[in-house]
Amino acid sequence: MEKVACALTIAGTDPSGGAGIHADLKTFQELKSYGMSVITSVVAQNTTGVQALHHVPLEMIEQQLYSVISDMPVHAFKTGMIANIDMMKVIAKKIPSIAAPYVMDPVMVATSGDPLIEEQARDFLRKELLPLTALVTPNIPEAEFLIGRKVETTDDMKKAARSIVHDLGAGAALVKGGHLDGEAVDFLYDGTTIYSFSAKRINTKNTHGTGCTYSAAITAYLSQRLSLYEAVDKAKHFVTKAIKGAFPIGAGNGPTNHWAIREKGVFQ
Ligand SMILES: Nc1ncnc2c1ncn2[C@@H]1O[C@H](COP(=O)(O)OP(=O)(O)O)[C@@H](O)[C@H]1O
Ligand SMILES: Cc1ncc(COP(=O)(O)OP(=O)(O)O)c(N)n1
């Protein structure tokens, strides 16, 4: 029988299709991993922000996890939006039974600035979920929260990546530089070596879903048994292409896009 790489995302939804579960599944599909999902929250949102949140009941999150894990192979998985401590507890309990690399996108606020997780849950995520990861992928504000100090330079980014691994117990850390000026440079620390991944900054406001797409691409490549370095390297190329191809649709920050055809006059 042929083997298929299977990737799972545990996250919230985005009916406008740019972020969350929707971005993750599109990315898995494009990168030729078989995509599966467990929904934590149904989020009414679009390119302008978050309009409403509905949290899936805990027993239903647990049931979805059971349905996937008891029947399907999982070769790598990621988490995105996990809104509160109770949800985190349910997920943390199941993680040890998934024998696959865990990529955490420590989602806290949307690009629009709307909060996606409860204030008190941030500490739980740092103390209880982070040590279970193979990789965590914070942006600058997320890294600042995790280590409790400012991250303003590339040197600070490298130090943050080291702290997240050595002081907080993550398997590896990828600190992303999208929120700084200049080159879009990210630093990966795997416990021994710092690697950098750099791309020319693209002048666009259409970055809705970049973090989701990037961590999903890493998860897809890990599910295909690439090394952590190779997975991040290929995912960086993928997300850069997706930002280049982002759409000026919607009134706010348009979604990233990797392949849909952009013809003059077709969009808006
Ligand atoms: N304008 C941009 N041009 C090119 N790459 C970017 C741009 N903005 C972000 N990136 C890259 O997109 C990825 C996501 O980064 P970042 O914006 O820092 O995280 P998040 O989307 O979670 O806030 C990183 O690889 C970052 O370097
Ligand atoms: C359900 C859900 N999960 C995550 C996000 C964050 O996406 P976005 O606002 O685009 O920020 P980055 O992916 O760029 O960090 C979301 N909006 N919704």
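Here the structure is a predicted model, which is why all the values come from computation and not from measurement.

A. View of the pairing of strand β10 (residues 194-199). Summarising the sheet, strand β9 (residues 184-189) and β10 pair through six bridges and their orientation is antiparallel. Opposite Leu188, over in β10, you have Tyr195 as the bridge partner.

B. Region of the structure containing the pairing of strand β3 (residues 41-46). Relative to strand β4 (residues 49-55), β3 is paired through six bridges, and the arrangement is antiparallel. Opposite Ala44, over in β4, you have Ala52 as the bridge partner. From the end of β3 to the start of β4, which pair antiparallel, there are two residues.

C. Region of the structure containing the packing of helix α2 (residues 58-69) against helix α3 (residues 85-94). For the pair α2 and α3, interaxial distance at closest approach is 9 Å and the crossing angle is 20°. Considering the angle they form, α2 stands roughly parallel to α3. Relative to α3, the crossing made by α2 is right-handed. The residues of α3 that touch α2, namely those facing Leu58, Ile61, Glu62, Leu65 and Ile69, are Asp86, Met87, Val90 and Lys94. Here the residues of the contact of α2 with α3 are counted per class, giving six nonpolar, no polar and three charged.

D. Structural detail: the site of ligand 1. Looking at ligand 1, there are 19 residues lining it, with Asn139, Lys176, Gly178, Ala184 and Gly211 nearest. Elements that contribute at least two residues to the shell around ligand 1 include exactly β9, α7 (210-223) and α8 (228-244). Considering each element in turn, the shell around ligand 1 owes the most residues, four residues, to α8. Among the residues making up the shell around ligand 1, the classes are represented as six nonpolar, nine polar and four charged.

E. Region of interest: the packing of helix α1 (residues 20-30) against α7. Two numbers describe how α1 lies on α7: the axes approach to 8 Å, and their chain directions differ by 40°. With respect to each other, α1 and α7 are oriented oblique. In terms of crossing hand, the pair formed by α1 and α7 is right-handed. Two secondary-structure elements touch here, α1 through Gly20, Ala23, Asp24, Thr27 and Phe28 and α7 through Cys212, Thr213, Ala216, Ala217 and Ala220. Counted by class, the contact of α1 with α7 contains six nonpolar, three polar and one charged residues.

F. Structural view of the confidence of the model for the protein. Averaged over every residue, the pLDDT of the protein is 95; residues scoring 70 or more account for 97%. Reported confidence for the predicted complex is 0.97 by ipTM and 0.97 by pTM.

G. Fine view of the nonpolar core. Core analysis: the biggest nonpolar cluster contains 69 residues, and Ala161, Ile164, Ala173, Ala217, Ile218 and Ala235 have the highest contact counts within it. If we skip the residues at most four places from it in the chain, Ile164 touches Val136, Leu146, Ile147, Ala170 and Ala173.

H. How the structure looks around the site of ligand 2. Of all residues adjacent to ligand 2, which total 20 residues, the nearest are Gly12, Ala19, Gly20, Ala110 and Gly211. Sorting the residues of the shell around ligand 2 by element identifies β3 and α7 as the ones contributing at least two each. The dominant element in the shell around ligand 2, judged by the number of residues it contributes, is α7, at three residues. Its residues assigned to classes, the shell around ligand 2 comprises eight nonpolar, 11 polar and one charged.

I. Expanded view of the environment of Glu230. For Glu230, the location among the structural elements is in helix α8. Expressed as a C-alpha distance, the spacing of Glu230 and Met72, which sit 158 residues apart in the sequence, is 25 Å.

Calculation rules
- Residues numbered from 1 in each chain as written.
- Chains lettered and ligands numbered in written order.
- Predicted model: local features only at pLDDT ≥ 70, side-chain atom pairs only at ≥ 80, totals over all residues.
- Pairing = 2+ DSSP bridges.
- Helix = DSSP H or I, 4+ residues; strand = E, 2+ residues; numbered from the N terminus.
- Axes fitted to C-alpha atoms, helices over the stretch in contact; angles between N-to-C directions.
- Parallel < 35°, antiparallel > 145°, perpendicular 65-115°, else oblique.
- Left-handed = near helix turned anticlockwise from the far one by under 90°.
- Contact = placed C-beta atoms within 7 Å.
- Nonpolar A, V, L, I, M, F, W, Y, C, P; charged D, E, K, R; others polar.
- Near = placed C-beta within 6 Å.
- pLDDT = per-residue confidence, 0-100.
- Core = buried A, V, L, I, M, F, W, Y, C linked by C-beta atoms within 7 Å.
- Buried ≥ 20, exposed ≤ 12 C-beta atoms within 10 Å, placed from the backbone.

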